[in-house]
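Notes for the structure review
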There are 2 protein chains.
Amino acid sequence: MTASIFDKTRTLFDLPEGVIYLDGNSLGALPRAARERVAREVNHSWGHELIRAWNTCGWIDLPAEVGRKIGRLIGAPEGSVIAADSTSINLFKALTAALRLAGERKVILSDTGNFPSDLYIAEGVIETMGQGHRLKVVAPDDVEAAIGDDVAVLMLTEVDYATGRKHDMKALTAKARAHGVLTIWDLAHSAGAFPVDLHGAGADFAIGCGYKYLNGGPGAPAFIYVRPELQEKITPSLSGWLGHDAPFQFELGYRPAGSIDRMRAGTPPVLSMAALDAALSVWDGIEMADVRARSIELCEIFIREVEARCPTLTLASPRNPEQRGSQVSFRHEQGFAIMQALIAHLVIGDFRAPNIIRFGFTPLYVTPADAVKAAEVLERVMKERLYEKPEYQKKGKVT
Amino acid sequence: MTASIFDKTRTLFDLPEGVIYLDGNSLGALPRAARERVAREVNHSWGHELIRAWNTCGWIDLPAEVGRKIGRLIGAPEGSVIAADSTSINLFKALTAALRLAGERKVILSDTGNFPSDLYIAEGVIETMGQGHRLKVVAPDDVEAAIGDDVAVLMLTEVDYATGRKHDMKALTAKARAHGVLTIWDLAHSAGAFPVDLHGAGADFAIGCGYKYLNGGPGAPAFIYVRPELQEKITPSLSGWLGHDAPFQFELGYRPAGSIDRMRAGTPPVLSMAALDAALSVWDGIEMADVRARSIELCEIFIREVEARCPTLTLASPRNPEQRGSQVSFRHEQGFAIMQALIAHLVIGDFRAPNIIRFGFTPLYVTPADAVKAAEVLERVMKERLYEKPEYQKKGKVT
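Residues numbered from 1 in each chain as written. Chains lettered and ligands numbered in written order. Predicted model: local features only at pLDDT ≥ 70, side-chain atom pairs only at ≥ 80, totals over all residues. Heavy atoms only, no water.

On to the UniProt feature "modified residue: N6-(pyridoxal phosphate)lysine" (unreviewed entry) in chain A, then. Taking the numbering used here, the UniProt-annotated feature "modified residue: N6-(pyridoxal phosphate)lysine" (unreviewed entry) corresponds to K212 of chain A. Not counting the four nearest positions on each side in its chain, K212 of chain A is found in contact with G24, N25, S26, G28, F115, A188 and H189 of chain A. (UniProt positions renumbered as here; feature names shortened; annotations may be inferred. Contact = heavy atoms within 4.5 Å.)

Written as C-alpha cells, this is what we have:
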C-alpha cells in the first residue's frame, strides 16, 4: 500500500539517469510540475501578461497560497503561514517579534545542534536591538533543564542538520509554555520530512525552508508561522510594503496588515515562488504518517547495510528512529574525500565539516533498492580506498 | 546611430504582439536570454546537476556576478555591489548599518517623494533599534535646506515613483558629506534608466531593484552598494550565513566576510537570480549616455503629443528633462479608469493613487513610434470618454 503510493510520487520527479540522490535534505529534486510551471510563468505570465500578471496570474496571492499548502504539512491552521524571503530573514522577523513580546526577559536559549546560521541571526538581532539580550547556547541534551523563568525565547531547530538528532518538540514546547517562554522552531529539516504538529504543540513561531524536503528549487522562498493568537500583537521589524494593511494606497505611514500578511516584507521572487508552489502539488493526497513510516524503513535499511559493510564508519545519528529526522549521518576523518568519491560514483549525499557524511532519505523519490545500492557503492569506496585519490581531496567553493 | 542601437536591443526582448508597453518602470519586459537561461537552470542545473550545481553551475558566485554587472550601470567600483534579497530588506541592512556608524546623531532625513515603502522600513528600523532615532520627512524641495549637523542619515529615492521628479544626487550628497551626514540612495527608478555615478557622487550606500529597468523578472532580487571604504566598518544586522567569512566551516559564532559579501544574508532564490543575471546581458556594449538621450527623446515626444491631444490631463512630471527620470506622469481624477481603458486597448502603463497615470519609457524596447501611438490611444480614451465604462472602474487586488 505505502510502497505503491511512493511508486507513483517518484514518477512526479525528474531524476538524472543512474543517480541515487540522497541529498534531498539540502536541495530537493526537480518536480516535473515545477519545470512546467516555471516555463509558463516566464513565457505566459511575464512575457505576455507582463505587469497585469499580478492580477491575472495570481502573483499577488502566491505567498498566501504557498503558505496554505505548507501549513497542511506542519499542522498549522489556515492563515498562519506565509511564504517569504529566506529562512534567515524570517528568523530575524520571528526573533525580534518574540523578544519584543517577551518584555524584560533577556535570554535567548538555543543549543549547539542548531544551525550556526540561526545563531548568527540571533547575534545580529541582539546587536541591532541593543537592549542587553543574551544568547545562551547549551548542549542539545541540556536544553530541557535550561528552560526556566529567566528565558525570553527558546530558539531551536527541531532536527540537527549534521547528525539528524530530533528534538521532542511537544515536550520542550510544553515546558517552555509552563515557564512563560516563547518558542521559535526552525523546521528546515522537518517540513516535508515527517509529521509536524505546530498547533498541537502550541508553538509560537516557526520558520523553515522551501528548497529541502519541500523540493521548491534552489534558494526557494522560505516560510514563517505565527500562532494565530499572536499575529495581531506583534510589531514587524522588517516592515515592508507588502506587510502593510493597504499596500496599494501608498500611505506615508506604516500600518501592519491584520493577519499573517504582516510577516511579508518586500516583493517576492515570483519565479522561485511559483516553482515552490508547483512543487507542493506533489503532496496532494499524501499523508505525512505514510512518509514517516517509509522514511524510517529507508533509514533503517541504510544503517543496517552500511554498518554490515563499512566497519570504519561510525554512526553519527541516533540509533532510535524516533529520535531521528529523515537523514542518516556517519563520521570518518576522511569524510570529505569519501563523499567526493561517492558523488563521482553517482551516489549523491553531502559533507559537513569537520567529519560528517550525510544522507537524506526522501520517500517521494528514494526507494529501498536505492538505499541498498548506495550502501554497496559506499562499501566499494571504503574497501578500495577510492577516497585516497587526489581528485577526491580537492575542495570546491561549496563544500 | 543611437536609433540603430535600440533597433537591435528591441530584438533581444519578447514583447506581446500589438502591445505598447510603458510599464518597464514597474516590471521590465522579458529578455529572450532570461527565458533561455531559466529553462537551462531548471532542466540542467537543478534537474540534472542537483546539489552539485552550486559548484558546477556557478550558483554560489551569482550574487557577486550580478552585482558586478549592475555596478557598471551605476558607477560603482568592482566589489562594491551585491545582489540579494528585496529592496526593502536591503534598505534595512543599509539603514541599520548607517545609523550604527552615525553614533549619537538621531535624525533620518527623507522626503514625501520617497517610496512609502522606504519610509515604512525606516519606521521598522527605528522601532527595532529602540534608540530614539527619529524620521524627519520634508517636501522634496526642502531636503537641501534640512541637511545639517543634526542629521545622521540622508535617505532618499533619486526618482519619485509617482511624478518622475529626479533629485540632484551629486549636489545633495556633497552637502551631506560636508555636514558629516551619511547617504543612502534608493536607485529603484534609476538603475538602467539613466547614468548614475555613485562613486563620483561619494554616496555611502545605495539599494535598488532588479525587476524594473533592469528587466530581471517579477520580484527579481535587489542589490545593495556600500562605499568600499565603509565595507569593513559596518556590522550587519541581518547576519546570515552567506555573509559569514567562512560559511561552509559552520562555526558557531558569526564573523562577517571581509567585503561586500557581508551584505548577503541567507540563500538567494537562484531561479530568479539567474533570470536577472541573463537579463543584464542586454546591456553589453550599451552606454548609459545613449540610453539617457533616447529616453529624453521618447518622453519629450510623449509629453508633446499628449498635451496637444488631451487638454484635461495635467502633467505631473517636471517639464525640464534634466529634472526627470525615465517616466512621464499625468494627473486626472479619473486616472484609475483611464489607465484601465488604456490597458484594454493594449497601451500598458499603470496607476498610482490617488490620481496619477504613469508611463515608463525604456529605450531598450520602446520606440518613438510607440510614444506617438500611445498618445493617439490615450486621445481616443479621453475624447470618447471610454473610461466611464463600468468595466474600467472595477479595481483588482493590485491597482
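There's more to say after this.
Attention now moves to the relation of the copies chain B and chain A. Once chain B is rotated about the relating axis by 180 degrees and shifted along it by 0.0 Å, it coincides with chain A to within an RMSD of 0.0 Å. Taken together, the rotation angle and the small translation identify this as a two-fold axis. The rotation axis passes nearest to the C-alpha of M129 of chain B in chain B, at a distance of 2.3 Å. Both copies contact each other with a shared surface, as 100% of the interface residues of chain B are interface residues in chain A too. (Least-squares fit on C-alpha atoms with pLDDT ≥ 70 in both.)

All names here are of chain B. Strands sit in the order β11-β12-β15-β14 across an open sheet of four strands; the sheet is antiparallel. Among the strands making up the open sheet, the edge pair consists of β11 (314-315) and β14 (350-352). Bridge analysis of β11 against strand β12 (residues 327-331) gives two bridges, and the strand direction is antiparallel. Across the sheet, the residue bridging to T314 is R331, located in β12. Relative to the sheet, helix α11 (residues 288-309) contacts β11, β12 and β15 (356-360), its axis offset from that of β12 by approximately 20 degrees. (Pairing = 2+ DSSP bridges. Helix = DSSP H or I, 4+ residues; strand = E, 2+ residues; numbered from the N terminus. Axes fitted to C-alpha atoms, helices over the stretch in contact; angles between N-to-C directions.)

Further remarks concern helix α8 (residues 169-178) of chain B. All names here are of chain B. Taken together, the buried positions of α8 are M169, L172, T173 and A176. Down the axis, α8 shows its buried residues gathered within 100 degrees of arc, on one side only. α8 presents K170 and A178 as exposed residues on the side facing more than 90 degrees away from its buried surface. Among the structural elements, α7 (143-146), β7 (151-157), β8 (182-186) and α9 (198-201) are those in contact with the buried residues of α8. (Buried < 20%, exposed > 50% of the residue type's maximum accessible area, 1.4 Å probe, protein only. Arc of directions from axis to C-beta.)

Here we take up the interface of chain B and chain A. Chain B puts 88 residues into the contact, and the matching count from chain A is 88 residues. Interface area, chain B with chain A, both sides summed: about 7200 Å², of which 67% is carbon and sulfur. The largest per-residue losses of area from chain B upon contact with chain A belong to W46, Y120 and F250 of chain B, which jointly make up 11% of the total buried on that side. At the boundary of chain B and chain A, one finds two salt bridges. Where chain B touches chain A, the interface holds 21 residue pairs in polar contact (both at pLDDT 80 or more). Looking at the side of chain B that touches chain A element by element, the count peaks at 11 residues for helix α6 (residues 116-129) of chain B. (Buried area = accessible area lost by both parts, 1.4 Å probe. Salt bridge = Lys/Arg side-chain N within 4 Å of Asp/Glu carboxyl O. Polar contact = N/O pair within 3.5 Å; in protein donor to acceptor, adjacent residues only side chain to side chain.)

Generally, phi is negative for residues other than glycine and the peptide bonds are trans, each holding for most cases. P354 of chain A follows A353 of chain A through a cis peptide bond whose omega is 0 degrees. Examined against the element boundaries, P354 of chain A turns out to sit in the loop between β14 (350-352) and β15 (356-360). Residues other than glycine seldom take positive phi values, yet F250 of chain B does so here, at roughly 55 degrees. Along the chain, F250 of chain B turns up in the loop between β10 (222-226) and α10 (270-279). A relative accessible area of 14% places F250 of chain B in the buried class. Located in the positive-phi region is L346 of chain B, a residue other than glycine, with phi close to 70 degrees. Take L346 of chain B: it is sitting in the loop between α12 (335-344) and β13 (347-348). With a relative accessible area of 33%, L346 of chain B lands in the partly exposed category.

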